[in-house]
Amino acid sequence: MPQVPNEAKIADVEFVLADLKAIYEKNIRLTPEAFEFLEKNEIDQDVYEKILATEGLFFTKEMLDVLLSRQDKIPTRPVTVARALAFRPEAKEFSPSFKLIGRSDITGKSNCTGKIEDFVAHFRNRFERVSAILRRRISEHGIATTKQLKSTQGSKVRLIAMVTDKRATKKGNVLLTVEDCEGSAKVVLPRETEAYKLSGKILNDDIIAFDGKNADELFICDTVTWPEIPFAREQKKTERDFAIVYLSDLHFGSRKFLEKPFQRFLNWLNGSEGNEELAGKVKYIIVCGDLVDGIGIYPEQEKDLIVKDIYKQYEMFDLAMEKIPDYITVIAAPGNHDAVRRAEPQPALGEDLVKSNVVRVGNPSNVEIEGLKHLLYHGTSLDSVIPAMGGLSYEKPEEAMLELLRRRHLSPIYGDSLIVPEERDYLVIEEEPDIIHMGHVHKNGYMLYRGTLLLNSGTFQDRTDFQVRMGHHPTPAIVPILEAKTGKLSHINFMGE
Ligand SMILES: [Fe+2]
Ligand SMILES: [Fe+2]
């Protein structure tokens with residue numbers, strides 16, 4: 001039977017060709033990228049008129065982007081994915097089982113008014129909860145508070161306190177000022193000690209156990225201990241055979257958002273990009289912040305945006321999420337580019353912004369997936385921890401993540417990252433997580449440490465000018481996937497040729 005031509009479609013094509021012809025006749029030369037975009041997208045007539053009104057011989061895709069974003073005329077195109085007809089995903093055969101641990105998430109609970117009492121309560125809460133972890137650690141010495149130090153003169157004790165100042169002395173030792181709930185003390189780390197060797201890792205606001213002896217007005221310390229997690233922990237695995245995909249830093253709306261690689265990722269989930277067996281196991285996707293590029297996040301961001309309307313940016317995110325098979329649960333937390341308060345802890349994104357069927361959680365938050373305890377945190381504090389500590393770099397975010405885990409705190413240096421001093425410090429890592437998922441640094445990194453899997457899931461944003469200036473080397477479009485039953489972590493690079 002002969003195919004009935006779709007008249008409306010033919011008319012559209014003719015209409016586009018007529019516009020392109022008019023541009024050609026005016027001697028304006030479109031670059032191949034600009035031509036391809038105009039050919040494939042429905043563009044308002046007044047945009048064509050603006051192109052015709054431009055001076056100059058060449059018209060580039062960048063010029064078109066500027067024109068479209070200035071007019072807010074970027075079409076949030078329906079995302080097309082290829083669905084493989086023969087795809088029979090295993091993960092479709094069972095219902096999801098996950099829960100958000102309510103006390104870990106600030107959403108709907110913020111009660112901070114910014115008064116001085118709020119800071120006091122916040123620090124007291126942090127100190128009590130982190131020092132409790134330290135007190136549970138086995139020690140051969142008795143624990144003394146700063147107030148009790150005088151009465152321990154000469155005998156070895158453990159002091160648990162928060163660092164408020166660190167400096168080198170004239171004799172080449174390190175001198176710390178520390179505080180607990182009862183007062184303050186001066187702690188010396190003599191050059192020849194183990195404590196001194198680790199002093200480069202001591203950060204302001206760190207809560208540490210100091211082992212040593214009190215001598216006059218100084219506490220002479222030979223060993224320092226961070227809260228850490230216990231040694232003998234094994235990686236937790238699940239009964240059921242399924243997979244979890246970890247994403248972060250999608251940056252919808254950015255000029256550098258990698259549309260084609262993300263399309264490939266969506267195709268893969270739909271069984272049409274190879275490796276169908278693994279794709280068919282995916283039951284959960286966790287997105288760890290920076291869903292969109294946002295607006296007004298840094299000076300002159302407008303020039304890096306293809307879409308300047310925040311609602312439209314989330315519309316693009318939603319359109320993509322709708323192409324994920326519906327038996328997959330998507331869980332999303334915000335990051336510093338998202339449209340919630342910038343300071344942490346951040347509440348979940350509102351349903352006025354994210355309208356697709358996504359489970360919206362706060363940053364940070366704890367989510368248990370079929371028994372696997374996930375700690376989700378965007379990772380903004382990595383920007384303060386990496387430069388503050390010797391030996392860390394943006395090339396290996398997992399090593400900086402480990403330093404946070406050791407401190408049992410997601411943002412140990414107060415004041416370097418924006419933090420709201422809530423009465424409860426939501427950034428304390430109270431329970432030992434099975435998986436810590438972060439993003440923010442746009443660099444994939446993985447580590448298994450004492451049974452906890454630390455993973456940074458990279459980005460879908462291409463290298464930005466800022467990253468070029470900073471010498472950062474992001475790893476875009478590489479998606480980590482955990483097979484929960486075996487504990488095997490692998491990743492797929494969707495960047496293509
Ligand atoms: Fe980001
Ligand atoms: Fe970020």
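All values reported here derive from a predicted model rather than from experimental measurement.

*Asks:* Looking at this structure, how should I read the overall build of the protein?
*Replies:* Looking only at helices and strands, the protein has twelve helices and 20 strands in total. In the protein, which comprises 497 residues, the share counted as buried stands at 53%. Of the contacts formed within the protein by residues at least 6 apart in sequence, a portion of 70% connects residues at least 24 apart. Of note, the protein has its 66 positive side-chain charges centred 5 Å away from the centre of its 77 negative side-chain charges.

*Asks:* Help me out: how do you make sense of the pattern of salt bridges in this one?
*Replies:* Where charged atoms from two side chains of opposite charge approach closely, those side chains can pair. Counted by the stated rule, this structure contains 24 salt bridges. For E351, the salt bridge is made with R360, and the minimal N-O distance between the two is 3.7 Å. Residue E351 is classed as exposed on the basis of its relative accessible area, which comes to 60%. Notably, a salt bridge pairs R407 with E403, separated by 2.8 Å at the nearest N-O pair. Residue R407 and its partner E403 are both found in helix α11 (residues 397–407); the two are separated by four residues, about one turn of the helix. Overlapping salt bridges, with partners in common, bring together K201, D206, E228, E403, R406, R407 and R450 in one network.

*Asks:* Mind showing me how you'd approach the state of the cysteines here?
*Replies:* Overall, the coordinates contain zero disulfides when judged by the stated rule. Take C112: it sits in no disulfide, and the sulfur closest to it among the cysteines is that of C181, at 19 Å.

*Asks:* Explain the domain arrangement of the protein here, please?
*Replies:* Often, the extent of an interface is quoted as the loss of accessible area upon association of its parts. Taken domain by domain, the protein consists of domain 1 (7–70), domain 2 (90–109 + 232–493) and domain 3 (138–225). Inter-centroid distance (C-alpha atoms) of domain 1 to domain 3 is 69 Å.

*Asks:* Teacher, can you tell me more about the coordination of the iron ion (ligand 1) here?
*Replies:* A metal bound by six donors in octahedral fashion has ideal angles of 90 or 180 degrees, whereas one bound by four tetrahedral donors has an ideal angle of 109.5 degrees. At this site the iron ion (ligand 1) is bound by D249 (OD), H251 (NE2), D290 (OD) and H442 (NE2), with donor distances of 2.0 to 2.2 Å. With four donor atoms in place around the iron ion (ligand 1) and angles of 84 to 174° between them, the coordination shape is irregular. The two metals, the iron ion (ligand 1) and the iron ion (ligand 2), are separated by 3.3 Å and share D290 as a common coordinating residue. Both residues of the pair, D249 and H251, belong to the buried class.

*Asks:* Looking at this structure, I do not really get the sheet that holds strand β11 (residues 282–288). What am I missing?
*Replies:* Backbone hydrogen bonds are what pair the strands of a sheet, in a parallel or an antiparallel way. Read from one edge of the open sheet, six strands run β13-β12-β11-β10-β19-β20, paired in mixed fashion. For this open sheet the edge positions go to β13 (359–360) and β20 (488–493), each flanked by a neighbour on one side alone.

*Asks:* Explanation requested: the coordination of the iron ion (ligand 2) in the structure shown.
*Replies:* Coordination of the iron ion (ligand 2) by the protein involves D290 (OD), N336 (OD1), H378 (NE2) and H440 (ND1), with metal-donor separations of 2.2 Å. Taken in sequence order, the residues that donate to the iron ion (ligand 2) follow the motif D-x45-N-x41-H-x61-H.

*Asks:* I'm lost on the sheet that holds strand β14 (residues 365–369) in this one. Help?
*Replies:* Pairing within the open sheet is mixed, and its six strands lie in the order β3-β14-β15-β16-β18-β17. With one partner strand each, in any of the chains shown, β3 (98–101) and β17 (444–449) form the two edges of the open sheet. Across the sheet, the mean angle separating the axes of adjacent strands is 20° when strand polarity is ignored. Note that strand β16 (residues 435–438) and strand β18 (residues 452–457) share four bridges and pair parallel. Counted as the bridge partner of I435 is L453 from β18. Across the sheet, α11 touches β16, β17 and β18, and the angle it forms with β17 is around 45°.

*Asks:* So what exactly am I meant to see when it comes to the pairing of β14 here?
*Replies:* Along a regular strand, successive side chains alternate from one face of the sheet to the other. Side-chain alternation along β14 places S365, V367 and I369 on a buried face and N366 and E368 on a face that remains uncovered. Two elements, β3 and β14, share four bridges in a ladder whose sense is antiparallel. The partner of I101 across the bridge, within β14, is N366. Pairing of β14 with strand β15 (residues 372–376), which is carried by five bridges, proceeds in the antiparallel orientation.

*Asks:* What is the right way to read unusual backbone geometry from this model?
*Replies:* Note on backbone geometry: most residues besides glycine have negative phi, and most peptide bonds are trans. The step from E344 to P345 runs through a cis peptide bond, and the omega angle for that step is 0°. With respect to the secondary-structure elements, P345 resides in the loop between β12 (329–333) and β13. Residue P364 is bonded to the preceding N363 through a cis peptide linkage, with omega at 5°. Here P364 shows up in the loop between β13 and β14. Positive phi outside glycine occurs at H251, with the angle close to 60°. Among the secondary structure elements, H251 is positioned in the loop between β10 (243–247) and α7 (259–269). H251 sits in the buried class, given a relative accessible area of 1%.

*Asks:* In this structure, what is going on with the side chain of T225? I would like to understand it.
*Replies:* Among the structural elements, T225 can be located in strand β9 (residues 218–225). Those residues in contact with T225 that lie beyond four places of it in its chain are L134, R137, R158, I208, A209 and D211.

*Asks:* Explain helix α3 (residues 45–52) to me, please; I cannot follow it from the model alone.
*Replies:* Along an α-helix, residues three or four positions apart point the same way, because every turn accommodates 3.6 residues. All of the buried residues in α3 are V47, Y48 and I51. Each buried residue of α3 lies within a common arc of 100° when the element is viewed along its axis, so the set occupies one face.

*Asks:* How do you make sense of the pairing of β11 when you look at a structure like this?
*Replies:* Across the seven residues of β11, seven count as buried, placing the element largely inside the fold. Sheet analysis places β11 next to β12, joined by five bridges and oriented parallel. The residue of β12 that forms the bridge with V287 is A332. Regarding the hand of the β-α-β motif, the stretch spanning β11, helix α9 (residues 310–321) and β12 is right-handed.

Here is what the cut-offs are and how they apply
- Residues numbered from 1 in each chain as written.
- Chains lettered and ligands numbered in written order.
- Predicted model: local features only at pLDDT ≥ 70, side-chain atom pairs only at ≥ 80, totals over all residues.
- Heavy atoms only, no water.
- Helix = DSSP H or I, 4+ residues; strand = E, 2+ residues; numbered from the N terminus.
- Buried < 20%, exposed > 50% of the residue type's maximum accessible area, 1.4 Å probe, protein only.
- Contact = heavy atoms within 4.5 Å.
- Lys, Arg positive; Asp, Glu negative; His and termini not counted.
- Charge placed at Lys NZ, Arg CZ, Asp CG, Glu CD.
- Salt bridge = Lys/Arg side-chain N within 4 Å of Asp/Glu carboxyl O.
- Disulfide = S-S within 2.5 Å.
- Domains from an automatic or database assignment.
- Donors = N, O, S within 2.8 Å, 3.2 Å for Na, K, Ca; no water.
- Tetrahedral: all angles 85-135°; square planar, octahedral: opposite > 155°, others 65-115°.
- Pairing = 2+ DSSP bridges.
- Axes fitted to C-alpha atoms, helices over the stretch in contact; angles between N-to-C directions.
- Arc of directions from axis to C-beta.
- Right-handed = clockwise from strand over helix to strand, strands pointing away.

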